[in-house]
Structure formats: structure tokens, C-alpha cells
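The residues making up each chain are set out below.
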Amino acid sequence: MLEPCVYELASNINQLLSKYNTVLSPGADEPFYRAANDNNYATIFSNQDFFSSALHELAHWSLAGQDRRELDDFGYWYYPDGRTQEQQSEFFKVEVKPQALEWAYHLAANIPFQYSLDNLHNQVSIQQIMDFKKGVYGQLKCYFESGFPDRPREIIQFLSVLYNCSQPIKLPPETCVYE
């Protein structure tokens, strides 16, 4: 299935993001969040022309609190591909919530979600991967049961209108974890 055009997404969602002094800018070599300064909007740069990258970066932005949004890349560490097992374990811990939101955004945009392990050149055990997938699904289920935070809910509603004929999103079956 082809992803929708990320540039069309940016054009549309920037209307919503402008009230937060933020813009989505696809086409970057690497995803990055540049905090606003006195002269410009904050910018969410997504990778290349990948729609899913834009949704992933929007998820990070949606979760970041006010203090984090004032820091480039929300003040988080990032180790590139080739992480140690310890670094990968930390990556899995901090990526559960953003990837659960990203999954919800994919549901709203009516496109399949894929987990991102983001470490292609080092060994990651099957058990680590399954634990991560279960954690992401568990967080997604928690969002469905307890409600999405305001900003993510607003983006879900926006994406649903734009790509899903305003249909509500539904929690996928747990079997999706094992695919």
C-alpha cells in the first residue's frame, strides 16, 4: 500500500500546528526537532519523503511538554544505528509511548503501522523485539482505555478527517503484535 503524500500532509497539518508556533517540514536527511527562536517557528523535520517518519516525529512532538519543546530535539539523547545492547534497551524504553501514538496516527491515516527498531546493524534478540512490541501495544491499549492526551487526540481527529472519512479509530487485535 502506498503512503499518502507527506508534502500534502505537511501543507494541511501546518494549519493546525501554526497555533502552536510549529511547522512540519518533510525532506530532511535526518529527522530533527528545531526549537523556535525569536524569529521563527519550531520545526519538525521528518526524514526524506516518508509519511511514516512525519507521523513518528509528530508523535514525539505531541508527547513533549512545554519545557522539552523549547529544546532542540526535545533535549533527548540519540545514539545512531550501531547501538550497544544497553543503548538499545534504553531506546526501547523511551520509544514505547511515541510508537504507540504513531500507531494511532497510522490508524487515523488509514495506513499500516510498522514498529521501528532503529538499529539495523547490531543484533537485537527476538525476545527484546517481542517485549518492545508488547509494550507498544500495551501503551496503545492504555490510550484507548484511558483516553488520548489533548494534543495527540487533536492530531488523530485531524488525520481521521483528512484520510479516513472522519471514521473513529479502533484498537487493532492483539495478534498484530505477533505479525
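Numbering of residues begins from 1 in every chain and follows the order in which that chain's sequence is written. For this predicted model, a pLDDT threshold of at least 70 governs which residues receive local features, and a threshold of 80 or more governs which side-chain atom pairs are given and counted, while totals over whole chains, interfaces and linings are taken from all residues. Side-chain numbers come from the whole structure's heavy atoms, not from hydrogens or water.

A look at the side chain of Arg69
This is how the line gets drawn: Secondary structure elements are taken from DSSP: a helix is a run of H or I of four residues or more, a strand is a run of E of two residues or more, and numbering for both begins at the N terminus. Partly exposed residues are those whose accessible area sits between 20% and 50% of the maximum for their type, while under 20% is buried and over 50% is exposed, using a 1.4 Å probe and protein chains only. Under the convention used here, Asp and Glu are negative, Lys and Arg are positive, and both His and the chain ends fall outside the count. Should a side-chain nitrogen of Lys or Arg be within 4 Å of a carboxyl oxygen of Asp or Glu, the pair is scored as a salt bridge. Whenever two N or O atoms come within 3.5 Å, that pair is a polar contact, provided that in protein one can donate a hydrogen and the other can accept it, and provided that, for residues adjacent in sequence, both atoms are side-chain atoms. For this analysis, residues touch if any pair of their heavy atoms sits within 4.5 Å.
Within the element layout of this structure, Arg69 appears in helix α3 (residues 66-69). Of the side chains with opposite charge, Glu70 comes closest to the buried, unpaired Arg69, at an N-O distance of 7.4 Å. Side-chain polar atoms of Arg69 contact the side chain of Gln66, separated by 2.9 Å. Once residues within four sequence positions are removed from consideration, Arg69 is found in contact with Tyr33, Ala35, Trp61, Ala64, Phe74 and Arg151.

Description of the packing of aromatic side chains
Applicable threshold: Pairing of aromatic rings covers Phe, Tyr and the six-membered ring of Trp, with a centre-to-centre limit of 6.5 Å; geometry is then stacked below 30 degrees between planes, edge-to-face above 60, and tilted otherwise. A ring is scored as having a charge over it whenever the NZ atom of a lysine or the CZ atom of an arginine sits within 6 Å of its centre and within 35 degrees of its normal.
By the definition in use, this model includes 12 aromatic pairs. With 4.1 Å between their ring centres and 15° between their planes, Tyr33 and Phe74 make a pair best called stacked. Here Phe74 lies in the loop between α3 and α4 (85-109) and Tyr33 lies in strand β2 (residues 32-34), a separation of 41 residues in the sequence. On the basis of relative accessibility, which here comes to 3%, the residue Tyr33 falls in the buried class. Three or more aromatic residues joined by ring pairs make a cluster, and in this case those are Phe91, Phe92, Trp103, Phe113, Tyr115, Phe132 and Tyr137. Between the NZ or CZ atom of Arg151 and the centre of the ring of Trp61, over which it lies, the distance is 4.5 Å.

Description of the side chain of His56
Within the secondary structure layout, His56 lies in helix α2 (residues 51-63). Classification of His56 as buried rests on a relative accessible area of 13%. Sequence-distant contacts of His56, defined by excluding residues within four places in its chain, comprise Glu95, Gln99 and Glu102.

A few points about the environment of Leu16
Note on placement: Leu16 falls in helix α1 (residues 6-17). Residue Leu16 is classed as buried on the basis of its relative accessible area of 12%. For the pair Leu16 and Asn40, spaced 24 residues apart in the sequence, the C-alpha separation amounts to 16 Å. Setting aside its immediate chain neighbours within four residues, Leu16 contacts Glu154, Ile155 and Phe158.

Here's the deal with the confidence of the model for the protein
Counted only if it meets this: Every residue gets a pLDDT, meaning the predictor's confidence in that residue, from 0 to 100.
Taken as a whole, the protein shows an average pLDDT of 91; of its residues, 97% reach a score of 70 or greater. Least confident of the elements in the protein is α4, whose mean pLDDT is 92; most confident is α2, at 97.

A few points about α4
Rules: Helices are assigned an expected span. That span is 1.5 Å times one less than the residue count. Working definition for bend: take the seven residues up to and ending at a residue and the seven starting at it, fit an axis to each, and measure the angle between the axes.
Counted at 1.5 Å a residue, the expected span for α4 with its 25 residues is 36 Å, and the 33 Å between its end C-alpha atoms agrees. Where α4 bends most, the angle comes to about 45°, and this point is Glu95, followed within four residues by the proline Pro98. Directly beyond the C-terminal end of α4, a positive phi value near 65° is found at Asn110.

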